[in-house]
Amino acid sequence: MHFKNPQILYFLLLLLVPILVHLFQLRRFKKSYFTNVRFLKQLSIQTRKSSKVKKWLLLGTRLLLLLFLILAFAQPFYEAKDSKNASNEMYIILDNSFSMQSKGKKGELLKRAIQELLENTPENITFSLITNSESFWNTDIKSVRKELQSLKYSAESFQLDNTITKIQAHQTSTNKDIIVITDAVGLTQKQVENSNLQQATYFIIPEAEQKNNVAIDSVFIIQTLDNFYEIGINLSAYGENISPVSVALYNNEKLSAKTVTKFDSSKKKIHFTIPKEAFHGYVSIEDNGLAYDNRLYFSISKRKKIDVISIGSPEKSNFLSRIYTPNEFNFSNFSIESLNYNSIENQDLILLNELDEIPQALQTTLKSFVEKGGNLVLIPSQKSTITGLNSFLATFGKVVFKNVESNEKLVTKINFDHPLFSGVFESKISNFQYPKTKNSFAASSAYASVLSYEDQSVFLTSIRKSTSAVSVFAAALNTQNSNFQQSPLIVPVFYQLAQSTNTSGLNALKIGDNQPYFVEKKLTKDALLEVRGKEGQFIPIQQILNNKVKLTFDDFPEKAGNYSVFDKKEWIENVSFNYPRTESDLSQRNKKLLRKYKTADSISTVFNTLQTDRNDNQIWKWFVIFALLFLFAEMAIIKLLK
């Protein structure tokens, strides 16, 4: 036991005062006898004994009264086992990612966590609150009540290490108490290790009752017919015994198509056929899992023709004119002598088709073309020099031609996972008519191969940039050197080489993806494009590029939905945004990674634990109570005992 005011204990010497008084009252007196009161002798003896007992009782109560009163003023206490951390600063990390939409015993996990914070956080505690999207430093529960009640789900995934780094960067003179409220969905071993949790950290991991979930992953155009689009929709099912779900397609809030699909596997692809016209809507499902991934917004603009130029001899470009047909493409072929360099900046795709030499002026123009979002394809000539090719390719990336190989080689491998083939093949093909080349360049590439030879060497590779792509073949494709023009691969390969986000006709962008988006619009230097929708409006980062405007959306918009791009009051085109599907799999709940840390079932448990471990046990109040009891006992003795 310890005392806050130990100097008060010197007053214990006052206990001698009642003892001295008591002894003074017990001193012996001289006896005098009177003849007329002898008959009272027996009564006198009894009275004397009773008075003596009363005095001893009064002495005891007064001593105890004074003792407990002095001890109360000395303020005795028992020191807490963790009292050294009583002055720690408190930080509360609240995961508001979409996985916290899942339902526990008392409702949605996030809403229940907020309610517990509002009900159980002491009003006199100062703390900092950090969520996935917002931070409130050095506040209290009264000050952030409204913000907590209106807190929305965030498209940002919960990143424990990033949040802890943010807290540790907040320099303080004391240690930190950290309370983390998360369902641990998507938590990784790397995040835990990088967090370097050396502070007093408590984890509250709410449990979801519903683990099943169905998500809409993507939507794409399978094929374009004369009057219709065939739309493909990819669904993912997480969990077991998934019930059939209803899938509906809405265009401008009007129902266009609806079906019910059953899950015989975790992945499901369904098809819709819709009229070949502008589409600005969404696909929606109904399930008992998370809500945020039940709707995917997309837009289909009037498909513009793709501008393609082939630079090379006409006889070697005949096969390209059969692929880039007039109904979808504006295709032209020019020899190097007849090429108008000013027309390059207006193209979507440029093919260098077996040029023996690439002039320096053309190289400079093509570099600017690629930087502004254009796609470039290089088909080397058998007469090209390795030095010239490597000098040109070094401008774009790490693709290097080595020696010339004169042996016949078969193209046997298709990289179905390459972005170039996204949505092209229904299934992986292992047995097809292998094209071959007689002469080729041995090439090394720092990028994934699109097509490979039988010896795993590169036949087609692609340098993919944020705004464009530079694709490189390792051999000439003329009929004397290769039969690739007769291969069934020729059409999907060259068709996809001409496609980009803006020329495919369909857009369904991810919030936070930061991929540039190009809008065909000529603007003055002072003009700005604005993105507007029902969920809000914003001005994206933009750069004027000749007849295009490059838009970068950063982390905007904050809400998924259908939007439109405007130049002041002039509508330009529709664009749609969606939340990333990073939280859909609830089986990613990695609670076991936190086993070695302190866990609690509720916020009230954490506060009670901290109160018990950090605060000294003050017992002076008990001494005051005992002092009062002995005061009442003294008064009772005086009144009741004669």
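Here the structure is a predicted model, which is why all the values come from computation and not from measurement.

A. Representation of the side chain of Gln347 within the structure. Position of Gln347 relative to the elements: it lies in the loop between strand E18 (329-334) and strand E19 (349-353). We classify Gln347 as buried; its relative accessible area is 10%. Within the structure, the side chain of Gln347 is placed 3.0 Å from the backbone oxygen of Ser343, a separation counted as a polar contact. Not counting residues within four places of it along the chain, the set of residues in contact with Gln347 comprises Asp307, Val308, Ile309, Phe369 and Lys548.

B. Structural view of the pattern of salt bridges. Evaluated as defined, the whole model comprises 14 salt bridges. Between Lys436 and Glu408 there is a salt bridge whose closest N-O contact spans 3.9 Å. Within this pair, whereas Lys436 is found in strand E23 (residues 436-437), its partner Glu408 is found in the loop between strand E21 (399-405) and strand E22 (409-414), the two being separated by 28 residues in sequence. Given the relative accessible area of 47%, Glu408 is considered partly exposed. A salt bridge links Lys409 to Asp455; the nearest nitrogen and oxygen atoms lie 3.4 Å apart. Placement of the pair is Lys409 in strand E22 and Asp455 in the loop between strand E25 (449-453) and strand E26 (458-464), with a sequence separation of 46 residues.

C. A look at the nonpolar core. Among the nonpolar cores identified, the biggest contains 31 residues, and Tyr324, Leu451, Phe459, Phe473, Phe484, Val493 and Phe494 are the most heavily contacted of them. Examining the composition of this core, we find that 4 residues originate from one element, helix H10 (residues 490-497), more than from any other. Leaving out residues up to four positions away in the same chain, Phe473 has contacts with Val377, Leu378, Ile379, Pro380, Phe401, Phe459, Leu460, Phe484, Val493, Phe494 and Leu497.

D. A look at the sheet that holds strand E12 (residues 245-251). The strand order across the open sheet built from 5 strands is E13-E12-E15-E16-E28, with neighbouring strands paired in antiparallel fashion. Either end of the sheet is taken by a strand with one partner, and the two such strands are strand E13 (254-261) and strand E28 (506-507). Where E12 meets E13, 7 bridges bridge the pair, whose relative direction is antiparallel. Counted as the bridge partner of Val247 is Thr259 from E13.

E. Representation of the pairing of E22 in the model. Here 2 bridges tie E22 to E23, and the two strands are oriented antiparallel to one another. By the bridge assignment for E23, Lys409 is matched with Thr437. Of the strand pairs in this sheet, E22 and E25 are connected by 3 bridges, and their pairing is antiparallel. By the bridge assignment for E25, Val411 is matched with Tyr453.

F. Geometry of the sheet that holds strand E34 (residues 548-552). With antiparallel pairing, 3 strands are arranged side by side in an open sheet as E30-E34-E33. Two strands bound the open sheet, and with one partner strand each, they are strand E30 (517-520) and strand E33 (541-545). Adjacent strand axes in the sheet meet at a mean angle of 25°, parallel and antiparallel pairs treated alike. Sheet analysis places E30 next to E34, joined by 4 bridges and oriented antiparallel. Looking across to E34, one finds that Val519 is bridged to Val549.

G. Here's a closer look at a nonpolar patch on the surface. A cluster of nonpolar residues, Trp622, Val624, Ile625, Phe626, Leu628, Leu629, Leu631, Phe632 and Met635, forms a patch on the protein surface that exposes about 830 Å² of accessible area. Topologically, Leu631 is positioned in helix H12 (residues 620-640).

Parameters and conventions
Residues numbered from 1 in each chain as written. Predicted model: local features only at pLDDT ≥ 70, side-chain atom pairs only at ≥ 80, totals over all residues. Heavy atoms only, no water. Helix = DSSP H or I, 4+ residues; strand = E, 2+ residues; numbered from the N terminus. Buried < 20%, exposed > 50% of the residue type's maximum accessible area, 1.4 Å probe, protein only. Polar contact = N/O pair within 3.5 Å; in protein donor to acceptor, adjacent residues only side chain to side chain. Contact = heavy atoms within 4.5 Å. Salt bridge = Lys/Arg side-chain N within 4 Å of Asp/Glu carboxyl O. Core = buried A, V, L, I, M, F, W, Y, C linked by side-chain atoms within 4.5 Å. Pairing = 2+ DSSP bridges. Axes fitted to C-alpha atoms, helices over the stretch in contact; angles between N-to-C directions. Patch = residues over 30% accessible without salt bridge, like charges linked within 9 Å, V, L, I, M, F, W, Y side chains within 5 Å. Areas by Shrake-Rupley, 256 points an atom, 1.4 Å probe, with all protein chains shown as cover.

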